[in-house]
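Structure at a glance
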Amino acid sequence: MAEENIFSKIIRREIPADILYQDDLVTAFRDISPKAPSHILIVTNVLIPTANDVTADDEAALGRLFTVAAKIALQEGIDEEGYRLIVNCNRHGGQEVYHLHMHLLGGKPLGPLVA
Ligand code: AMP
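Identification of the chain as HIT-like protein from Sodalis glossinidius is taken from an unreviewed UniProt entry.

Structural data, given as structure tokens:
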């Protein structure tokens, strides 16, 4: 069983977060340390530690990350200018919280993707 983490507590509303959206599969909330004017995290409700751990059973939740990202991008008014979706994996990917999540970043030009 994977270890509980801060995102599990946010999903269960045990600790505060600026939650924008929640359904049976995913929860979206504003990043506490935003790297762009819009910086939202969309997390799977079920605890999947990293992108390495996804299985076919997770496909509905993983697809939902994208449909919710599109919905929130529209709400944030960044859909036309554009945005970036990122999933970090493990140490070299810069993953800090081991609960699979998609970053939605936008509201300014983000520049080229550099390592
Ligand atoms: P990652 O490096 O992909 O694991 O991203 C983790 C993200 O979670 C970082 O951008 C953090 O700023 C963000 N974060 C950590 N704790 C919280 C929290 N309590 N509420 C909202 N965002 C958080």
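Let us now look at the overall build of the chain. Across its full length, the chain carries three helices and five strands. For the chain, whose C-alpha radius of gyration is 14 Å, the value lies close to the compact-globule estimate of 13 Å for 115 residues. Projected onto the principal axes, the alpha-carbon positions of the chain cover approximately 40 × 30 × 25 Å. Per-residue burial over the chain gives 35% buried out of 115 residues. Element-wise, carbon and sulfur atoms account for 54% of the exposed surface of the chain, whose accessible area totals about 7000 Å². Across the chain, 10 positive and 16 negative side-chain charges occur, with their mean positions spaced 5 Å apart.

Right, let's talk about the pairing of strand β3 (residues 38-44) for a bit. Of all seven residues that make up β3, seven are buried, and the element is covered over most of its length. The alternating pattern of β3 places Ser38, Ile40, Ile42 and Thr44 on one face and His39, Leu41 and Val43 on the opposite face, and all of these are buried. Where strand β2 (residues 26-30) lies against β3, five bridges are found, and the strand directions are antiparallel. Of the residues in β3, the one forming a bridge with arginine 30 is isoleucine 40. Sheet topology note: the β3/strand β5 (residues 101-106) ladder contains six bridges and is antiparallel. Following the sheet pairing, isoleucine 42 is matched in β5 by methionine 102.

Time to look at the site of the ligand. In the neighbourhood of the ligand, 17 residues make up the surrounding shell, with Asp31, Gly94, Glu96, His101 and His103 lying closest. Asparagine 88 is positioned such that a nitrogen or oxygen atom in its side chain is 2.9 Å from an oxygen atom of the ligand. Take histidine 101: an N or O atom from its side chain is 2.8 Å from an oxygen atom of the ligand. Contact with the protein chains hides 89% of the accessible area of the ligand, taken as 500 Å² for the molecule alone. Spatially, the ligand is embedded in the largest pocket. Those elements giving two or more residues to the shell around the ligand turn out to be α1 (6-11), β2 and β5. A breakdown of the residues in the shell around the ligand according to their chemical character gives seven nonpolar, six polar and four charged.

Scoring rules and cut-offs
Residues numbered from 1 in each chain as written. Predicted model: local features only at pLDDT ≥ 70, side-chain atom pairs only at ≥ 80, totals over all residues. Heavy atoms only, no water. Helix = DSSP H or I, 4+ residues; strand = E, 2+ residues; numbered from the N terminus. Rg over C-alpha atoms; globule rule 2.2 N^0.38 Å. Buried < 20%, exposed > 50% of the residue type's maximum accessible area, 1.4 Å probe, protein only. Areas by Shrake-Rupley, 256 points an atom, 1.4 Å probe, with all protein chains shown as cover. Lys, Arg positive; Asp, Glu negative; His and termini not counted. Charge placed at Lys NZ, Arg CZ, Asp CG, Glu CD. Pairing = 2+ DSSP bridges. Near = heavy atom within 4 Å. Polar contact = N/O pair within 3.5 Å; in protein donor to acceptor, adjacent residues only side chain to side chain. 1 Å grid on protein atoms, 1.4 Å probe; cavity = no way out; pocket = protein on both sides within 12 Å on 5 of 7 lines; lining within 4 Å. Sits in = over half its atoms within 2 Å of the grid points. Nonpolar A, V, L, I, M, F, W, Y, C, P; charged D, E, K, R; others polar.

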